[in-house]
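An overview of the molecular structure
What follows is each chain in one-letter form.
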There are 2 protein chains.
Amino acid sequence: MPPARPAQKSLQHRTIASAVAEEVRRRIVDGEFKSGFQLRQDALATEFGVSRIPVREALMQLEAEGLVKILPHRGAIVSELSMEEVQELFELRALLEPRLLKASAKHLTEADYERLSQILQEYSTELRAKHVRRWGELNTEFHNVLYQHARQPRAQAIVGGLLQECDRHTRLQLSLTGGMERAEVEHAELVRLCKSGKVSAACALLKTHIEGVGKSLRNYFEEHNKTT
Amino acid sequence: MPPARPAQKSLQHRTIASAVAEEVRRRIVDGEFKSGFQLRQDALATEFGVSRIPVREALMQLEAEGLVKILPHRGAIVSELSMEEVQELFELRALLEPRLLKASAKHLTEADYERLSQILQEYSTELRAKHVRRWGELNTEFHNVLYQHARQPRAQAIVGGLLQECDRHTRLQLSLTGGMERAEVEHAELVRLCKSGKVSAACALLKTHIEGVGKSLRNYFEEHNKTT
DNA sequence: TCGACGTAGATTGTATAAAATCCCTGGTGT
DNA sequence: ACACCAGGGATTTTATACAATCTACGTCGA
């Protein structure tokens, strides 16, 4: 675990429910809980050593984020998305994120660029295929840093959820098709364009970038699932 | 393939929590619970004659929809949106809804057009300024019927929430500025375009329509110079 | 007078236990 | 053999009770 990161809202374990939500979310995004896996309240409660009430609330929170699906009186399962639904996520991102970047780019500070550079640098160290989890975290943070000054809280919240879900579905494919290298190149170019004030070019590249990742994922899926 | 389940209208209150959520949501959208109003769990529980647990879950559900804001250990309040945030909602709608209409329009059935006609007719009967609540309900349903065949569940869910919130903030203004008449005209034209297969024209009109309502709302607020 | 501290009251968060619901299995009748 | 329905067991949902936390207010000291 990385030490002493700035206290953000997600680290405020102010309530047990939020702590449980964070841990379950991590496991889903990391793939420990796979699509369709049944999340039983009792099992999670005993494992974490807590009651089932905060577990319920955590599951509801995750349902709001789209990571799990709750069926009344039948429990919660990790959400299963068809390829069409995953494609929809990318299309929504391609629609929303350029808008956020356009509003946020000009307000990026020197500290923000510093953080973006750090992320790019951590990319290029040799952690690529080895630490897919860390890569996904960095990827999500990269996008969030870019949009943080957009002053569009609702859109930012929506995109945050989309990023998380896309990350979950992309990791498998990224480590196999060299998608990470391409993403790293495009990310670096993105930062360069923002820094030099070419906002609209950056937005266009961002749109292409997201659509490209989505298309790459779909191709990968179609190749490996011709029979179904 | 899941067996075709009877898609119930969700009017069956299958769980207490969902029933409470529905009632509290109605009160918020109707304006009985105004922005900033503090929703105390105990008060709601005793009023509905239930425990606090389902009330808590209802509040979390409403938070996910954006209608309330929950502060840890401090309770829930009806969400207060600045004019900028309301404008953001309309901008997001203007971005997302044409996309949904484009995907859904060609799959609209005769029964759908029948329902749309019913809605338009109920508009034009003299219930306009009198029953603002009913008008808002119809307005939301109108849009949802248009998009129901889009096969983009995530976008539809997002837009559903946006519609509800926009409705809440628009009602006050609609009944005073004649915005309803204009909306009715545009809605009728929208149906006509869809019916005659002019999908892209319909999408363009829809975008204009949403932006127009948003702009009208902003003008209304700037005239009255009300800051919260 | 003003501000800091601490206690009381109210409100939310969590644990435990009871009630309702669903799934599955096994029997029964046709 | 097939359809149907009753009952047991597992799981979720709700109720009740307790613990933790926050806000308000009053007291104390400079």
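Preceding this paragraph is the structure being described.
Residues numbered from 1 in each chain as written. Chains lettered and ligands numbered in written order. Predicted model: local features only at pLDDT ≥ 70, side-chain atom pairs only at ≥ 80, totals over all residues.

1. With respect to the overall build of chain A
Note the threshold: Only DSSP runs of H or I covering at least 4 residues are called helices, and only runs of E covering at least 2 are called strands; the numbering of each starts at the N terminus. We call two residues in contact when their backbone-placed C-beta atoms lie within 7 Å.
Check the secondary structure of chain A and you find nine helices and three strands. Each helix and strand of chain A, placed in order from N terminus to C terminus, yields the pattern α-β-α-α-β-β-α-α-α-α-α-α. Each of the three principal axes of chain A carries a C-alpha extent, and together these read 55 × 50 × 35 Å. Across chain A, the fraction of contacts at a sequence separation of at least 24, relative to all contacts at a separation of at least 6, is 71%.

2. Points about the protein's contact with DNA strand C
Our working rule: By definition, a residue lies near a molecule or strand when the C-beta atom built from its backbone is within 6 Å of it. Each residue is assigned to one class: nonpolar for Ala, Val, Leu, Ile, Met, Phe, Trp, Tyr, Cys and Pro, charged for Asp, Glu, Lys and Arg, and polar for all the others, Gly among them.
Around DNA strand C sit 16 residues, and of these Thr15(A), Ile16(A), Ser51(A), His73(A) and Gly75(B) come closest. Taken together, the elements giving at least two residues each to the surface near DNA strand C come down to helix H1 (16–30) and helix H3 (52–65) of chain A together with helix H2 (41–48) of chain B. Counting residues per element, the surface near DNA strand C draws most heavily on H3(A), at three residues. Per-class residue counts for the surface near DNA strand C are six nonpolar, six polar and four charged.

3. Some thoughts on the protein's contact with DNA strand D
Close to DNA strand D lie 19 residues; Gly75(A), Thr15(B), Ile16(B), Ser51(B) and His73(B) are nearest. At four residues, helix H3 (residues 52–65) of chain B tops the list of elements feeding residues into the surface near DNA strand D.

4. Here we look at the sheet that holds strand E1 (residues 38–39) of chain B
In sheet architecture, strand pairing relies on hydrogen bonds along the backbone and comes in two forms, parallel and antiparallel. Residue and element names in this part refer to chain B. Selection rule: Criterion used throughout: strands pair if DSSP finds at least two bridges between them.
Read from one edge to the other, the open sheet built from three strands follows the order E1-E3-E2, with strand pairing classed as antiparallel. Every other strand in the sheet has two partners, leaving E1 and strand E2 (68–71) as the edge strands with one partner each. Where E1 lies against strand E3 (residues 75–78), two bridges are found, and the strand directions are antiparallel. The residue of E3 that forms the bridge with Leu-39 is Ala-76.

5. So, the relation of the copies chain B and chain A
To keep things clear, this is the line we draw: For the least-squares superposition of copies, only C-alpha atoms count, and only for residues with pLDDT at least 70 in both.
Under the fitted operation, chain B is carried onto chain A by 0.0 Å of movement along the axis and a turn of 180°, and the coordinates agree to an RMSD of 0.1 Å. Accordingly, the operation relating the two chain copies is best matched by a two-fold axis. Minimal C-alpha distance to the rotation axis in chain B is attained by Ala64(B), lying at 2.8 Å. In this assembly, 100% of the residues forming the interface of chain B have copies in chain A that are likewise at the interface, indicating an isologous arrangement.

6. Digging into the interface of chain B and chain A
On the side of chain A, 16 residues touch chain B, which itself brings 16 residues to the contact. Across the side of chain B that touches chain A, the residue classes break down as nine nonpolar, two polar and five charged.

7. Let's talk about the sheet that holds strand E2 (residues 68–71) of chain A
All names here are of chain A. Let me state the cut-off plainly: Only the stretch in contact is used when fitting a helix axis, every axis being a line fitted to C-alpha atoms; angles between N-to-C directions are given from 0 to 180 degrees.
Overall, antiparallel pairing links the three strands, which are arranged E1-E3-E2 in an open sheet. Looking along the sheet, the strands with just one partner apiece sit at the ends: strand E1 (38–39) and E2. Relative to strand E3 (residues 75–78), E2 is paired through four bridges, and the arrangement is antiparallel. Note on E3: the bridge partner recorded for Leu-71 is Gly-75. Helix-sheet contacts for H3 involve E1, E2 and E3, and the interaxial angle to E2 is about 115°.

8. Some thoughts on the pairing of E3(A)
Regular strands show a simple pattern: their side chains alternate between the two faces of the sheet. Applicable threshold: Remark: C-beta atoms are placed from the backbone, and a residue is labelled buried if 20 or more other C-beta atoms sit within 10 Å of its own, exposed if 12 or fewer do, or partly exposed between those counts.
Side chains of E3(A) alternate between two faces, with Ala76(A) and Val78(A) buried and Gly75(A) and Ile77(A) left unburied. Connecting E2(A) to the next strand, E3(A), in antiparallel fashion are three residues, including His73(A) with a positive phi near 65°.

9. Some thoughts on the environment of Ser216(B)
All names here are of chain B. By the element assignment, Ser-216 lies in helix H9 (residues 199–224). Measuring from C-alpha to C-alpha, the distance between Ser-216 and Gln-173 comes to 8.6 Å, with 43 residues separating the pair along the chain. Setting aside residues no more than four positions away along its own chain, Ser-216 makes contact with Thr-177 and Gly-179.

10. Quick look at the environment of Lys198(B)
Summarising the element assignment, Lys198(B) is placed in the loop between helix H8 (179–195) and H9. Along the sequence, Lys198(B) and Ala105(B) sit 93 residues apart, while their C-alpha atoms lie 9.3 Å from each other.

11. What to know about the packing of helix H7 (residues 153–177) of chain B against H9(B)
Residues and elements named next belong to chain B. Heads up, the rule is: Roughly parallel means an angle under 35 degrees; roughly antiparallel, over 145; roughly perpendicular, 65 to 115; everything else is oblique.
Between H7 and H9, the least distance of the axes is 10 Å, while the angle of their chain directions is 85°. On the basis of the axis angle, H7 is roughly perpendicular to H9. Of the residues in H9, those touching H7 at Thr-170, Gln-173 and Thr-177 are Val-213, Ser-216, Leu-217 and Tyr-220. Grouping the constituent residues of the contact of H7 with H9 by class yields three nonpolar, four polar and no charged.

12. Side note on H3(B)
Residue and element names in this part refer to chain B. The condition that has to hold: In this analysis, the expected span of each helix is defined as 1.5 Å times one less than the number of residues it contains.
Its 14 residues place the ends of H3 20 Å apart at the C-alpha level, agreeing with the 20 Å of an ideal helix rising 1.5 Å per residue. Along H3, the residues classified as buried are Val-55, Arg-56, Glu-57, Ala-58, Leu-59, Met-60, Gln-61 and Leu-62. Just downstream of H3, Gly-66 is the residue with a positive phi angle, here 95°.

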